[in-house]
Each structure stands twice: as structure tokens, then as C-alpha cells.
Amino acid sequence: MAALEEEFTLSVGALGAGPNGVLGVEPSDKTDQFLVTDSSRTVILYKVSDQKPLGSWSVKQGQVITCPAVCNFQTGEYIVVHDNKVLRIWNNEDVNLDKVFKATLSAEVYRIHSIQGTEPVVQFKEGAVRGLEALLAEPQQKIETVISDGEVIKNALSIFFITFFHGSYFAYVQMFNSRNLSKYTLLLGPEEKCITLNFTAYVDRKFISLMSISSDGCIYESLIPIYPSDTEKNQRVVKSQLLKAVVSDNSRSGIALTVLDRDHIAVLGPLMPASKDCLSIWNIKFQTLQTSKELPQGTSGQLWYYGENLFMLYGKVLTVIPYKCEVSSLAGALGKLKHSQDAGTHTIPHFVNWETSQGYGLGSQNSEQSRRILRRKKLEVSLQPEVPVSEQLLSTIKKDSEKHIEVELRKFLAAKWTPDFHTQIGDIVTGLLGRCKAEPSFYPRNCLIQLIQTHTLSYSLCSGLMEIALEKTDVQMLQLCLHQFPDIPESVTCACLKIFLSIGDDSLQEININMESVFDYSDTKQDEKMEEQPEILQNGFSPENGNCGNFNQKVNEKPQNAAEETTSCPVTPKRAALLNAILHSAYSEVFLLPHLKDIPAQHITLFLQYLYFLYLKCSENATMTLPGIHPPTLSQIMDWICLLLDANFTVVVMIPEAKRLLINLYKFVKSQISVYSELNKIEVSFRELQKLNQEKNNRGLYSIEVLELF
Amino acid sequence: MGEFKVHRVRFFNYVPPGIRCVAYNNQSNRLAVSRTDGTVEIYNLSANYFQEKFFPGHESRATEALCWAEGQRLFSAGLNGEILEYDLQALNVKYALDAFGGPIWSMTASPSGSQLLVGCEDGSVKLFQITPDNIQFERNFDRQKSRILSLSWHPSATHIAAGSIDYISVFDVKSGSAVRKMIVDRQYMGVSKRKCIVWGVAFLSDGTVISVDSAGKVQFWDSATGTLVKSHLISNADVQSIAVADQEDSFVVGTAEGTIFHFQLVSVTSNSSEKQWVRTKPFQHHTHDVRAVAHSPTALISGGTDTHLVIRPLMEKVEVKNYDAALRKITFPHRCLISCSKKKQLLLFQFAHHLELWRLGSTAATGKNGDTLPLSKNADHLLHLKTKGPENIICSCISPCGSWIAYSTVSRVFLYRLNYEHDNINLKRVSKMPAFLRSALQIMFSEDSKKLFVASNQGSLHIFQLLEGSFKHLHTFQPQSGTVEAMCLLAVSPDGNWLAASGTSAGVHVYNVKHLKLHCTVPAYNFPVTALAIAPITNNLVIAHSDQQVFEYSIPEKQYTEWSRNIQKQGFHHLWLQRDTPITHISFHPKRPMHILLHDAYMFCIIDKSLPLPNDKTLLYNPLPPTNESDVFRRRTAHAFKISKIYKPLLFMDLLDERTLVAVERPLDDIIAQLPPPIKKKKFGT
């Protein structure tokens, strides 16, 4: 299964200064090392696994590198061309490009092709090709013109290049040995008005498979024979559609594609009209989207693939995305299909594809997917034969103002509950969220809150909702979601926690938060006197009396402080309400722990203090519960304390403010252990008592009783 | 219904021997269980888990291994070094063969059932060929240096795995040589134990060997390479037993802590073909060591030192929620160990190697329901009669007049005459039992104590005339030609004219004692008979079957009675049918022929045939006395089944006279108190 791993950047700043970003990325003779050629003056040798440059070479001010540097695999030297005609050859030891070997050629160089095992080949802008050795032997030799005047080379692969001339594309295949040149006209197929945006090609035994992505968003494949059967000039090559709608059809530039292997291609470009650039991996065998990654900062429309790394200019920096692909199978391809929909196509709702019938989203699907979706739709339809979606409301959502939507929504919710209420709510939320994404200013908060309160939504039904709320730091909405959604992923829970801990008290003041899980802390403050007594003997825990050696002495020095500390809640009631929502949410320890590590230390301390405070409150009464309508339970509190300490122990241990807290917790655990060991000792006595008790109940071995049967 | 004085007896100091081995036979759906005293019991799982056969134990025969081979032949082997085959028809030991390898620790039949493999104390593994009426030693495998405690055949019968001390060997069956030796880690929680005993091995068809050992580990080995593949530490104590399902998709292990663990082969992820063994369910039905486990297609079966046989159905394998889906715990034998002399109010208790005779106490007081009456005389232990020789007692009986006691072991029948002189008892053995009377499966006295009926294991029934101090053989009913099935239940009519006898599978035969001929045969029923009795006056034969059905058959009319037809037509109450212990004793009220008294381990019931039968809507068991309801209502709700669940576990219940009952209980706590202490587990903390 294809998978994109976490990206990392190679350079900060330096690159991308030129007008076209990066000229090229080429492999060097050592694995893991790549030559990156800036479009202005610089060539940098990177070691990818270390993410650091090994060497950097620049041409003089005023000179411009015109062709990406390559490595001569036979000699280990690097070759670059600047100012179109000047060839430079150097190696790792050289420091200054000015002082290295230089050859001035008679014609302008288009590109140097270097392939493992062969000598580099220099391709000139007029189409001619020369071996490097032959060229260096006689730099000023005459270079013939191969392509006609006005034709421009658009793309080239060592023995093969494509030219553009008067609206047509021509492919040339050059047999280097024979100097034979075959010319093919690429036919555009029926969609004449589509412009081909980018090419890529790979050699497959006897054929060159030329893949082109055209402006209608589809990928086409043309097969060009390597060994031309006849020498007749100007043969025609027909292209066939390979993938449908892999990128948005109105994107004009910034689209790149590269072949990853026989079955996979990577496409860089926006998936949807509105969406940002996206790197997507497609399986061409099964025509499925394998995986995709959104690149919101934009790309330069360049994509290279070497080894297991995809290189691209993302934002202003050169980014490497490691890519792994196992042998694809139909099952694998289908298994991932669901995921691909999630990641790639936002217009498709996550639960049922009702929209397809309402006319959006389907057009941009590839045939395989749409067939599948249709099948799925059929299934759903057969389950619920009549689906009268309140289309009016949906169309309102698309265009009208927030107020208007709210009015309409209220009408809709007030209407009679229908069997397909769930799906309609889902539609509406999807619609609203879609618009939220499209229009950053649009945030129909009241509508969303109303919808959440219908108790029909879950996280998986509207995953975007919480993200938007997180973006807007809408804590009220988040609290509501935490209450209502049963299936919030741990990462989101943690993100909520982060916001709840970091949001300023003053901004909390204005927000209306559901306070039912928080009891009134103020009344406990009044009973200061009671609090000062050595508290909590519940569960054998008494912070004052436990004999905990050195720690305890320190604490004993200021027992007054300790008592005070426990009496006041470390957070405001509003924040407490938010944190309680977190405590109530479901989680799985394994998935939560890594996210907890990202929370800043002072917030961890604050949260721990709050939890400890809750624990102390808990242990004030015999039932070990907190007052209030829906308070966190003792086990929730303890679990979270353990989780936080597990995740951040090394950090918390270093913070002076947390010291007292840790000591208290330590003492608590220690006393707990001693209680249990005492219980173990008592168990034996208990058993004896039980035995005695049994003997009392035992009516002896023989008795005569009276029995009446009814 | 009436008021009874109940002699509530709890001094029957019976402790069932612990379970040593269990062997499940898929073909007949029967389970063989061997106990520490050498007793072997056969349970019919299809017949409501009824213990239909048993082979009495023997002091010198500690059974260590039990297996089915060649279809339904049952073999056992033990520490006396002998291999035994049991005759399941005649209910005796067919033969015993010394394997000459010292004590035998393990035995297993080949997948085809034609060969038998035993693992001996001297480290030898011996292969026996099973012939139609014997077994023959074939050869030895390579001798190992310590005892072979467990054996398992590869399903293709090409290799075997043998667990020993500290290592597991894999033998090639053809050459008999050890091809792999896998050393088991002695480490136990970081501490090196002295020895690691491999208590059980299982060889799977893919070449995996699963071992369980004394360090608490369940380990998976690759027999091809001899490497450890996976190890589960499941217990702090020994893991003592393992059994694999036939499909090899699940297995069960039993630990010394009384826990059994279910392991299942499950997909790593849903719809992935890669599977792995996962410990799925722990069950804690035992307090002591689980010495033996078995895996039937639908249930996990376990037994051990705490003497319970536990049958835990796998809910995913049970299709309908019927009574088979319930957990079964079988503790007491499904036969009567107690007989009583009504006239003299004596109880005779049968133990493995002795008999105890007790006289019940008396009281002059009266009381109301639930009262415990003050005793004017306590119960007396009159007699402790030890058997001679190592054999266990099969059956025993005291005559209704209390002056005769008879019991039988495998090789001899004993008859004693008792004389009561005030408080002294004079016991005199009646010598010169006839030579043909070698062993008896059931002994019965006639109501007037003049006749003795003996069911021998050859299928014949002998009648003796009892005289003062001697006896006379009157007649022998020979079994139906061709059948050798042993009769194990007898019933005599109070007037002494009729004798009913039932075997394990065929119908009930009724003999006319006066004319000494077979009177009739009650049609055979699918389920085995658990109890038989003939009613006074009417001479109706009441038969209880293991599926909880009760039939009443009129002997004089040679047909089922009207009442029996009625109840069959209407069907028993569903709660009656759902009881899980068989009826082990039936008796009658001497003055009220309409009443039948019967009991199982958890209830006793008086059936009043004059009252309407309960249907499924009526409350079957109503322990509360009617208080203020009107008499009309009471009459309307009254039904034929009067049930009491006060006495449990109830081993015996009988009517001494019209107003007196005797109930013998054996509280489980008293049994547990006599068992060795279980492994102590911490209750608090970790």
C-alpha cells in the first residue's frame, strides 16, 4: 500500500530565490545524496537522511545557471551549465566554481542527462544530442539543428524529448548510437481544446510510455516505440485516457506528475477547484487514489522522485516526502479507497453520498470511484427508499446569509421528525462545513450548535466541525462537541485540552459555558477552618502524617500553605467546566499519550493541580464523589493524573512549581501501597473470622426439623 | 400435602476423589473421567451429561492417563505401569498389560486410533499396536533421560512430541529416533526454578508444538526448526493440562490456580488471512489445580483436585439457547451411595473402602414448619465395616429389616448378618458365597428381607432366599441371548412379586419373581434410566430418565398408566426439564399410592397424581406458604408437583414412615474443608 510519510524540509530560506524556484533535483553517485540546483546561481549537495547540505557551489554574480547540475556517475564529477553555453565540471573537493574545468560550447544546452552506468548526454536546445566525452573532445564542434524553427523543447528524457510548436506537441525519439531521430505527432484526442499541462515518461522495454496531464484534469498515456518500425517521418501517436479527473479541471499551472513505478504515479496539483495544492498518489492499474497530502502553502508545480523520496518546492522550501509503496493488489487498492475519499474529496460527505444526486461532486470523480459510489448509493437507497432531502435548506446554505440560514434551519428542526432526519442533518452539516471551508468569514455558529444539540451527530459524521471550532477557538462549541460526540479521536481531544488550558481567563469571561459539571467552589472556601484540619484520611492517605522521609519534612515546614493550596481551585470555574468535559470524554491511553506530550509544561502543571484539587475534593466525603450534576468520577481523575504523569514525567519533574504536587502524589501512592499491604495482612484474619462465622451458621451434623409442603 | 419430620443428616462424610484425567470421545459424544482413586466414569454428553457407567477404583491403580482409541475403546494407564482396557458393555476391566517401563505418566492414541503410545518413568516411549481384542507391544522409541510426562501425535501420525522434564522431544515415528529437542526455559519470573516440567504438549498439523509447563508458560514451538515461536506467561503456578479442538482453531489450558484459559486462533486484523493464537477467555470455575481439560466441539471441559467436573459451553458454538448452553458443574456421582432400613431407622453409607452404619436419633417434640426439634436421642455411629483388599466397593445395601448388609467389590460379594442385642451389634459374615457370584453391580433386598437380588456384571440377575444365617440360591435370570449388557439398576415391588432391572441403554425388563420368568419389557427410550421404583399396591413402575422425563408403567397391565400418558401429552413444566441433575432415587408413601417422592441433588419433590398438572404458566416452585389467600385460590393454583429446595446438595431422601423423612445432605463447604489448601492468591493490591 502506498503511503506518504511525514515530510521534512531540506533548506530554509536560501533556495527559491530565483524566478522559477528550483531548476532541478538530481541524484548523485551516492545514495541518499542529491544535487539541488537553484534557478539562480547555486548548486547544493544534500544528504537527505541527515537533512543537511554537504556542499554548496555558486557561479559568479551575473552568471546564471541554466541547466540543472547532474552527476557523472562514471567519474563522480558534477556537471552544470551556466549562461546556456558554459559547461562546468567539478568534484567534491572543489570549492569555487570559477576555478573548475570549463568548456564553452557552440550551441545552447537544453539539459544534461546522466544515467547510472552510462556517460552523460548533453542535449541542445535545437534537439541535437552529444555524448559528454565526444563533446569535451571538441567543445566547439558544430551542433546541427534537429527541430524546426520555433519549436520548443518542453520535456526531455535522455533519448526522448517533446516539443511544442504551433499548438501541437511532437515527440522525438533519438537513438543515441545511430543518431536516428523519429518524430511523432501527439494527437490530442477528442478534447481538442484541452491543453496539455505536463508530461512524464518512462521506458517500458520496447515502448516509451508518455503520460501527460491535460487541462481537463485527466491523465493520458501514449505509447511510443523505442525502435521505430519504419523510418517514415512524422508518425502519429494516439493517447488514451489513463485516469480521469485527478486534478481540478480549471487549474492552469503548477501541475506536475511523475511516475513512481509501474503502477503508481504522483500528481501535484489541486484536487478540487477550490482546494489547495495536493500531492496525490494514484494507482493507475486500479485507477484508485492511494493516498494524498494537502499542501496548503502552495507548490511550484515541480516534482521529482528518486529512490524513495519525492522532492518538491513547498512554499518556499524544498521539501522531501518519503514515499513507500508495496506491491499493489486489488484488495489493497479497494481497502484504501475509503481513506482516499476521506483525504481527497471533501465534497463527498463521509457517511452517505447524497450529494451525488443533487448534482455536485460527482463530476470530478473518476469512473471507478463514481461507479462504486453509485453502487453504494443504490444500497443506501434500497435501505431507505424515500429520501426527501430538504433541498431548499441546502440551497439556502449554499448562498444565503447566516441569519437567513438560521431562520430556515429553525423551521426545519421544528418540523416533524422524519425517519431520514439523521441523514438530512448530516447533509446540512456537510453543507455548512463546506461553505465554512470555502468562505473563511462564514461561521454559522448558532446553526451548528443547534444541529449538535439534535443529538444526531457524531465526530465521524462531521469531522470538519471540530477542526473549524478549534481554528476559531470556539470553546463553547468544543465543549458541546465533547459532550455530544461519542467518537472523538484522541488527537482532537488533546487539541481541545490544549485550547482549554491556554485560553485566557478574560476571553473565557464572555463565553457562555455549560457549568453543570462544576460545583460551586466558593462555599468550600468559607469553610477554611475545616479544611485546615489534617484532611483526607480516606484510602489511608494523609499528607501530614505519612512518614515519607525527607520529602515530608519539607512539606511539614509549611503545612499551612499546603492546606491553603488544596482549598482553592487552581482554575476558574469556567475553565474547570471545560476541563471536566475533557475528563468525561472517552479515550484510549495508547493513542492519547503521544499527544499529551505536546502540551506545554506549565499547562500540564496547571491541569495536574486542578486534577489534584478534584481528587482532594473527592476524598472529602465518604462516597468519594464530587458534588454537582455531572461531576468527573474519581477513576476519571486518577486515570488522567496517571496519564499526564506518564506522558510528561520528565518535564514535570524539572518544574519547581510542580514539585509540591509531585511530592503529594508520591505520598499518596506510597500510603496506598502501605494500605494494600496492610489489607493483605488482615486478609488472613478476615478468613479466620469468616470461618468462625460459618461455624456459627452451621447447624451441626444432625437435626430433626419440621417441614410442611404446600 | 402434609407435615413431615425430617431427619436432616449431614454426617455422611463423603469426599469425591479428585479428577485426574478427562478424555472426550467425539464419535459417541461421551466423556471418560478418571479420578485419583482409579475410578473411571463415563458421562454421556448427549444424554444431559448423565454419568451412565463407572468402573470402580483400585488402591494400587493411580490412573495417570486415559484415552479413547479405535473408535470407542477406552484405555487407561497408571503409575503401576499397567495399561488397562475397559469393557464398556460388561463394565469391567478387560485386561491389564504391564508396559515394563516403570510407572506410566502419559498415553495417547494415534490419530487413526490403531496405535497406542505410552510415556514411562524410565524415559522410554513405547508403541503398542491395538488388535481387535488386545494390544501388542511393537517397539520402543529412543530412550530419553527422564520421565515422559506428556505425549502428542502429529495429526498425520508421522511425528510425535513428548514432554519431559526441562525439554520437549520430537520423534520421528517411522525411525523412532528423536529428531528435535527443545529446551524449556526454567526461568520463572526471573528466578531459576529447579526444574521445569512439561505437563502437556499438543502437536498441531502445521508443525507447531504447544507446550504447557510448571513455570506457568504456554509456549509455541516450531517443530521443524526446534525454535520457540511465542510464549505466554499465564500463571504464577503450574499450567497442568492442555486440550486442542479438532479444528485446531482453539485450545484450552488449565492451571494450578484453578483457572482455565481459552486460546483461539484469530485473524490479526479483520478480514486478514494472517492468524495468531490469542488468549481470549479466562474462566475460574475451580478452586484447586485443574489437572485435566478436554475440548469438545462446543464446550470446554475441566476437572481437578476440587472434584468438580465443569463443562463450560462456548457460547459462540452454541446455536440455540437451550439447556446445553448452560454451565454444568458435576460434583456428585449419579448413583445412590446410601441405603436405609426403614424399620430400624438405619442408614448405610458407602465409601470407597468402607461402609458406615448409623442409627438415626429421635425426638418427642412437635413443632411447626421450619422448627428444629430438640433431640431426645442423637444419631449413633453403629458400625464401621472396612473392606479387605485394594478394590473399591461397587455397591452396597442394607435390608429393610436392618439385619442384613451386602456389598460387592470387583472380585467378591459380601453378605453380613447383623444381630442387635440392646446397644450391641453382632456382625457375622455369611461365608460360602457361590462361585458364580463374583461381583455385583447392584444389590437389593426384598421388602420383607427374605430375598436378595443381585445384578451381576454378566447381565444376569440372581435371586437368593435368605434364611437365618445362611442363604439359598433360588434362580438366575439369564440375559437376553446375545446381549452382554450389564444391569445396573434394580427395583423390587413391595409385595415381592416383581423385579425390574435396567441396563445402560436397553429398556427396562420386568421379571415375575413368583413364576421366575420375564414378564415384559418396557419400550426402550432414547435417554438412559437414572432411577427405578415399583409402587406399592398398584405395582406401577416409575422410571426417571436423564432428560428429566418421568414415566409410570403399569406392570400388571403391561402399559403406561393414564397419568403417564397425560403428562406426556401435556409435557412437563419447562423448569422441571431444565434441572441439571438427574433423579437418583424414587420412593413411595406407604399409605398414599397417589404420591411419588423423588429427588435430585438440588430438590426433592412429591408428585400428587390426584392434582392437576402444572402448565408452563403456573409457578412450579413456590416456597412460601399461602398466607391470607382464600382457600379457593389456593385450590386453583395447587398442582401435582410439591417441591422443596431446602436440602442441598441432597444425596439421599426417603420416607421412613408416613410422617417422617430422612434427607442426607453433603454441603460443599464440608468437602472443600477436606481438600488440600488451594494456592493462595493475593486479594488486595498487585
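The rules behind these values
- Residues numbered from 1 in each chain as written.
- Chains lettered and ligands numbered in written order.
- Predicted model: local features only at pLDDT ≥ 70, side-chain atom pairs only at ≥ 80, totals over all residues.
- UniProt positions renumbered as here; feature names shortened; annotations may be inferred.
- Helix = DSSP H or I, 4+ residues; strand = E, 2+ residues; numbered from the N terminus.
- Contact = placed C-beta atoms within 7 Å.
- Buried ≥ 20, exposed ≤ 12 C-beta atoms within 10 Å, placed from the backbone.
- pLDDT = per-residue confidence, 0-100.
- Axes fitted to C-alpha atoms, helices over the stretch in contact; angles between N-to-C directions.
- Parallel < 35°, antiparallel > 145°, perpendicular 65-115°, else oblique.
- Left-handed = near helix turned anticlockwise from the far one by under 90°.
- Nonpolar A, V, L, I, M, F, W, Y, C, P; charged D, E, K, R; others polar.
- Pairing = 2+ DSSP bridges.
- Expected span 1.5 Å × (residues − 1).
- Core = buried A, V, L, I, M, F, W, Y, C linked by C-beta atoms within 7 Å.
- Bend = angle between axes of the 7 residues up to and from the residue.

- In the annotation of an unreviewed UniProt entry, the entry for chain B reads U3 small nucleolar RNA-associated protein 4 homolog, and the organism field reads Ictidomys tridecemlineatus.
- The UniProt entry for chain B carries the following text under Subunit (unreviewed entry): "Interacts with HIVEP1 Interacts with NOL11. Part of the small subunit (SSU) processome, composed of more than 70 proteins and the RNA chaperone small nucleolar RNA (snoRNA) U3. May be a component of the proposed t-UTP subcomplex of the ribosomal small subunit (SSU) processome containing at least UTP4, WDR43, HEATR1, UTP15, WDR75."

- The name given to chain A in an unreviewed UniProt entry is Nucleolar protein 11, and the organism recorded there is Ictidomys tridecemlineatus.

### What to know about the overall build of chain B
Thought 1: Regarding its fold elements, chain B presents four helices and 58 strands.
Thought 2: Pairs at least 24 residues apart make up 48% of the contacts formed inside chain B by residues separated by at least 6 positions.

### Let's talk about the overall build of chain A
Thought 1: Helix and strand counts for chain A come out as 21 helices and 30 strands.
Thought 2: Residues counted as buried form 38% of the 710 residues belonging to chain A.
Thought 3: Within chain A, counting contacts between residues at least 6 apart in sequence, those at least 24 apart form 56% of the total.

### Here we look at the confidence of the model for chain A
All names here are of chain A.
Thought 1: Averaged over all residues, the pLDDT of chain A is 73; the fraction at 70 or higher stands at 73%.
Thought 2: Here helix H3 (residues 337–344) stands out as the element of chain A with the lowest mean pLDDT, 37, in contrast to helix H11 (residues 490–502), whose mean of 89 is the highest.
Thought 3: Across residues 522–565 the pLDDT falls below 50, and counting only partners more than four positions away or on other chains, this stretch makes 48 contacts in the model.

### Thoughts on the packing of H11 of chain A against helix H18 (residues 589–596) of chain A
Residue and element names in this part refer to chain A.
Thought 1: H18 packs onto H11 with a crossing angle of 40° between their chain directions and a minimal axis gap of 8 Å. When the interaxial angle is binned, H11 and H18 end up oblique. Of the two possible hands of crossing, H11 and H18 adopt the one that is right-handed. Taken together, the residues of H18 that come into contact with H11 (itself represented by Glu490, Ser491, Thr493 and Cys494) are Phe591, Leu592, His595 and Leu596.
Thought 2: Partitioning the contact of H11 with H18 into residue classes produces four nonpolar, three polar and one charged.

### Some words on the sheet that holds strand E32 (residues 338–341) of chain B
Pairing between the strands of a sheet is mediated by backbone hydrogen bonds and can be parallel or antiparallel.
Residues and elements named next belong to chain B.
Thought 1: Read from one edge of the open sheet, four strands run E32-E33-E34-E36, paired in antiparallel fashion. Of all the strands in the sheet, just E32 and strand E36 (380–386) have a single pairing partner and so form its edges. Between one strand axis and the next, the sheet turns through 20° on average, direction left out of account.
Thought 2: As judged from the four bridges shared by E32 and strand E33 (residues 346–350), these two strands associate in the antiparallel manner. Within the sheet, the bridge partner assigned to Ile338 lies in E33 and is Phe349.

### Here's the deal with helix H7 (residues 421–438) of chain A
Thought 1: When the terminal C-alpha atoms of H7 of chain A are compared, their 26 Å separation across 18 residues agrees well with the 26 Å that a helix rising 1.5 Å per residue should span.
Thought 2: Within H7 of chain A, burial applies to Thr423, Ile425, Gly426, Asp427, Ile428, Val429, Thr430, Gly431, Leu432, Leu433, Gly434 and Cys436 of chain A.

### So, the sheet that holds strand E7 (residues 73–78) of chain B
All names here are of chain B.
Thought 1: The strand order across the open sheet built from four strands is E6-E7-E8-E9, with neighbouring strands paired in antiparallel fashion. Bordering the open sheet on either side are strand E6 (63–69) and strand E9 (92–98), each of which pairs with just one other strand. Adjacent strand axes in the sheet meet at a mean angle of 25° when their direction is disregarded.
Thought 2: Pairing of strand E8 (residues 82–87) with E9, which is carried by six bridges, proceeds in the antiparallel orientation. Along E9, the bridge assignment pairs Leu84 with Ala96.

### Concerning the packing of helix H10 (residues 475–484) of chain A against H11 of chain A
Residues and elements named next belong to chain A.
Thought 1: Closest axis-to-axis distance for the H10/H11 pair is 11 Å, and the angle between their directions is 140°. The angle between H10 and H11 places the two elements in the oblique class. Of the two elements, H10 crosses H11, and the hand of that crossing is left-handed. Note on element contacts: H11 touches H10 through Cys496, Ile499 and Phe500, opposite Val475, Leu478 and Leu482.
Thought 2: Of the residues assigned to the contact of H10 with H11, the class counts are six nonpolar, no polar and no charged.

### Looking at the interface of chain B and chain A
A common way to state how big an interface is: give the accessible area lost once the parts meet.
Thought 1: Contacts between the two partners involve 35 residues from chain B, matched on the other side by 16 residues from chain A.
Thought 2: Those elements that provide at least two residues to the side of chain B that touches chain A are strand E1 (2–9), strand E35 (372–373) and strand E56 (641–644) of chain B.
Thought 3: Here the side of chain B that touches chain A takes eight residues from E1 of chain B, the largest share from any one element.
Thought 4: Residues that form the side of chain B that touches chain A fall into these classes: 13 nonpolar, 12 polar and 10 charged.
Thought 5: Where strand E30 (residues 702–709) of chain A lies against E35 of chain B, two bridges are found, and the strand directions are antiparallel. The residue bridging Glu705 of chain A from the neighbouring strand is Thr372 of chain B, located in E35 of chain B.

### Points about the environment of His353 of chain B
All names here are of chain B.
Thought 1: On the secondary structure map, His353 appears in the loop between E33 and strand E34 (354–359).
Thought 2: By the C-beta count within 10 Å, which is 17 here, His353 ends up partly exposed.
Thought 3: Separated by 37 residues in the primary sequence, His353 and Pro390 have C-alpha atoms spaced 8.0 Å apart.
Thought 4: With sequence-adjacent residues up to four places away left out, His353 is seen in contact with Lys386, Thr387, Asn392 and Ile393.

### Brief notes about the pairing of E34 of chain B
Residues and elements named next belong to chain B.
Thought 1: Direction of pairing for E33 relative to E34: antiparallel, over a ladder of five bridges. Bridged to Leu348 within E34 is Leu357.
Thought 2: Between E33 and E34, which pair antiparallel one after the other, the connecting turn spans three residues.
Thought 3: Sheet topology note: the E34/E36 ladder contains six bridges and is antiparallel. Within E36, the residue paired with Glu356 across the bridge is His384.

### Some details on the nonpolar core
Thought 1: By size, the foremost hydrophobic cluster in this structure holds 192 residues, and its most contacted members are Val22, Val293, Leu347 and Leu541 of chain B.
Thought 2: If you look at the next biggest cluster of nonpolar residues, it comprises 86 residues, including Leu10, Leu105, Ile224 and Leu295 of chain A.

### Section: the confidence of the model for chain B
Thought 1: Averaged over all residues, the pLDDT of chain B is 89; the fraction at 70 or higher stands at 95%.
Thought 2: The complex prediction reports pTM at 0.59, with the ipTM value standing at 0.83.

### Quick word on helix H20 (residues 634–654) of chain A
Thought 1: At Asn648 of chain A, H20 of chain A shows its largest kink, close to 85°.
Thought 2: If you check which residues of H20 of chain A are buried, you get Ile637, Trp640, Leu644, Ala647, Asn648 and Val652 of chain A.

### Observations concerning the pairing of strand E45 (residues 487–492) of chain B
All names here are of chain B.
Thought 1: With six of six residues buried, E45 lies mostly within the body of the structure.
Thought 2: With five bridges connecting them, E45 and strand E46 (residues 498–503) associate as antiparallel partners. Residue Leu489 lies in a different strand from E46, and its bridge partner there is Ser502.
Thought 3: Turn length for the E45-E46 hairpin, with the two strands adjacent in sequence and antiparallel, is five residues, and the turn residue Gly496 shows positive phi of about 80°.

### Here's the deal with unusual backbone geometry
Thought 1: A cis amide bond links Lys648 of chain B with the next residue in sequence, Pro649 of chain B, at an omega value of -15°.
Thought 2: Take Pro649 of chain B: it is sitting in the loop between E56 and strand E57 (650–657).
Thought 3: Although it is not a glycine, Asp83 of chain A sits at a positive phi angle of roughly 50°.
Thought 4: Residue position: Asp83 of chain A is located in the loop between strand E8 (77–82) and strand E9 (86–90).
Thought 5: For Asp83 of chain A, a count of 14 C-beta atoms within 10 Å puts it in the partly exposed group.

### Focus on the environment of Val48 of chain A
Thought 1: Looking at the element boundaries, Val48 of chain A is found in the loop between strand E5 (42–47) and strand E6 (52–58).
Thought 2: With near-sequence residues (within four places) excluded, Val48 of chain A lies in contact with Asp32, Phe34, Asn309 and Val320 of chain A.

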